[in-house]
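Fold and geometry: a report
Here are the chains, one letter per residue:
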Amino acid sequence: MAVTEADRGNTTTAAGSAGKALAPGRAARELGLKRGEFELAVQLGHIGVTTDGVGAHRRIAMEEVDRLRAMEGFPDTLRGRVMTVGTAAAAELVGISPARFTRLARAGCFTPVSFHLNRYRAVVWMYLAAEVEEFASDQPALLTGRAPEALRGRLAAGEDWRARNWRGRRQALLLRRAEGAWARAAVLAGALDPVQLAEVVDDPYERAYLNRLRPEPVAVRPDSPAAREAAERLLSPDDPDEILWCRTSLILALEEARAGVGAPRPGDAVRPAAVVVARPEGGGRARALLAKWRLREPGGDSAGASGRAGGHSAG
């Protein structure tokens, strides 16, 4: 299932909020949401937030809370947007077996929105209930009978698109929220390990700046070393096609960032002016590679190889 943008941008930077602003916990209570539901609503763009200049303190304007509370069907409408289901509940929702739902998810038909680890340290994927129902409405033929040959071939080859689709969704949401070209480049840089990043960005000051702007690590439960290790594995693409897509996307993002304001360097009294840096892989070649090797939707007949999770999955 394709990941679509939410109906509004959700982050603005404010030197000072006009009117009353609430802390996230208070806003969640005002909206009748659990903390996890509130955080997911923010990530998906359903709730607008304001931050200070460095994004350290988030606040929700009372006007935004009032807007949401005035929605038709509140609070059920808002809760419905962020309702998540695991494999068993999702399968029950659309009237198929958990095994069939898992096969469809592994083949790329559903995009996870989050995950957690169960007591056996297996990854448990969670899906938006609204998207599961939408898929059942749009693709009823895939819920019964023999699966199309393309899907069967993917599963026979051992492909699992769940982690890759989740990474794609997370990256799209972070890019939409990023403020400025360097922040967008930092989102893309976060998909590469230090060695791969150094191969694309050979300027140490640029790498340091990207690392400084990199999004916060994924919050996962339970908060344990094993969970954090699993999250790191799931965040790191290991398929050559996906890695190449990340590299070429970063090259294009860096081209845009360098055309504006260069990365800060020691001794800079003010932010440097635009810097043009020669690179062996120029923007033209990057665009050609991106066009040739772009990530393909798993629903197409020519879908690429899977992005496999770094551990076994329970659902």
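Thresholds applied
- Residues numbered from 1 in each chain as written.
- Predicted model: local features only at pLDDT ≥ 70, side-chain atom pairs only at ≥ 80, totals over all residues.
- Heavy atoms only, no water.
- Salt bridge = Lys/Arg side-chain N within 4 Å of Asp/Glu carboxyl O.
- Helix = DSSP H or I, 4+ residues; strand = E, 2+ residues; numbered from the N terminus.
- Phe/Tyr/Trp six-rings, centres within 6.5 Å; stacked < 30°, edge-to-face > 60°.
- Buried < 20%, exposed > 50% of the residue type's maximum accessible area, 1.4 Å probe, protein only.
- Pairing = 2+ DSSP bridges.
- pLDDT = per-residue confidence, 0-100.
- Contact = heavy atoms within 4.5 Å.
- Axes fitted to C-alpha atoms, helices over the stretch in contact; angles between N-to-C directions.
- Parallel < 35°, antiparallel > 145°, perpendicular 65-115°, else oblique.
- Left-handed = near helix turned anticlockwise from the far one by under 90°.
- Nonpolar A, V, L, I, M, F, W, Y, C, P; charged D, E, K, R; others polar.
- Lys, Arg positive; Asp, Glu negative; His and termini not counted.
- Polar contact = N/O pair within 3.5 Å; in protein donor to acceptor, adjacent residues only side chain to side chain.
- Arc of directions from axis to C-beta.

1. Some details on the pattern of salt bridges
The full count for this structure, using the stated rule, is 15 salt bridges. Arg164 is paired through a salt bridge with Asp239; the nearest N and O atoms lie 3.7 Å apart. With Arg164 in helix 9 (residues 162-177) and Asp239 in the loop between helix 13 (225-235) and helix 14 (240-258), this pair connects stretches of sequence that are 75 residues apart. The partner of Glu256 in a salt bridge is Arg184, with the nearest N and O atoms 2.8 Å apart. Of the two residues, Glu256 is situated in helix 14 and Arg184 in helix 10 (residues 181-189); the sequence distance between them amounts to 72 residues. Taken together, the salt bridges that share partners define one network made up of Arg106, Asp160 and Arg162.

2. A word on the packing of aromatic side chains
According to the stated counting rule, one finds eight aromatic pairs in the structure shown. Judged by centre distance (5.6 Å) and plane angle (65 degrees), the ring pair of Phe115 and Trp125 falls under edge-to-face. You can see Phe115 sitting in strand 6 (residues 114-117) and its partner Trp125 sitting in strand 7 (residues 123-128), a full 10 residues away along the chain. Here Phe115 matches Trp125 in class, with each residue buried. Every member of this aromatic cluster is reached through a ring pair, and the members are Phe101, Phe110, Tyr127 and Phe135.

3. Remarks on the sheet that holds strand 6
Strand order in the open sheet formed by three strands is 5-7-6, and the pairing between neighbours is antiparallel. Among the strands making up the open sheet, the edge pair consists of strand 5 (84-85) and strand 6.

4. A word on the confidence of the model for the protein chain
When the pLDDT values of the protein chain are averaged, the result is 81; 77% of them are 70 or greater. The secondary-structure element of the protein chain with the lowest mean pLDDT is strand 1 (residues 11-13), recorded at 45, while helix 5 (residues 87-94) shows the highest, at 97. Per-residue pLDDT stays below 50 along residues 285-297; that stretch engages in 27 contacts with residues further than four places along the chain or on separate chains.

5. Things to note about the packing of helix 5 against helix 7 (residues 129-138)
Packing of helix 5 against helix 7 brings their axes to within 9 Å, and their N-to-C directions diverge by 40 degrees. One way to sum up the angle between helix 5 and helix 7 is to call them oblique. Classified by chirality, the crossing of helix 7 by helix 5 is right-handed. Contact residues: helix 5 offers Ala90, Leu93 and Val94, while helix 7 offers Ala129, Val132, Glu133 and Ala136. In terms of residue class, the contact of helix 5 with helix 7 is built from six nonpolar, no polar and one charged.

6. A short note on the packing of helix 5 against helix 6 (residues 98-106)
Put simply, helix 5 and helix 6 touch, their axes get as near as 8 Å, and they point 100 degrees apart. Judged by the angle between their axes, helix 5 and helix 6 are roughly perpendicular. Judged by residue contacts, Thr87, Ala88, Ala90 and Ala91 of helix 5 engage Pro98, Phe101 and Thr102 from helix 6. Residues belonging to the contact of helix 5 with helix 6 are distributed by class as follows: five nonpolar, two polar and no charged.

7. Thoughts on the side chain of Arg154
In this structure, Arg154 sits in helix 8 (residues 149-156). Put simply, Arg154 is tucked away with no salt bridge, and the nearest opposite charge, on Glu159, sits 4.2 Å away. A distance of 3.1 Å separates a polar side-chain atom of Arg154 from the backbone oxygen of Ala107.

8. Let's talk about helix 12 (residues 204-213)
Along helix 12, the residues classified as buried are Glu206, Tyr209 and Leu210. Projection of helix 12 onto a plane perpendicular to its axis shows the buried side chains occupying an angular sector of 100 degrees, all on one side. On its buried side, helix 12 packs onto helix 10, helix 11 (194-200) and helix 14.

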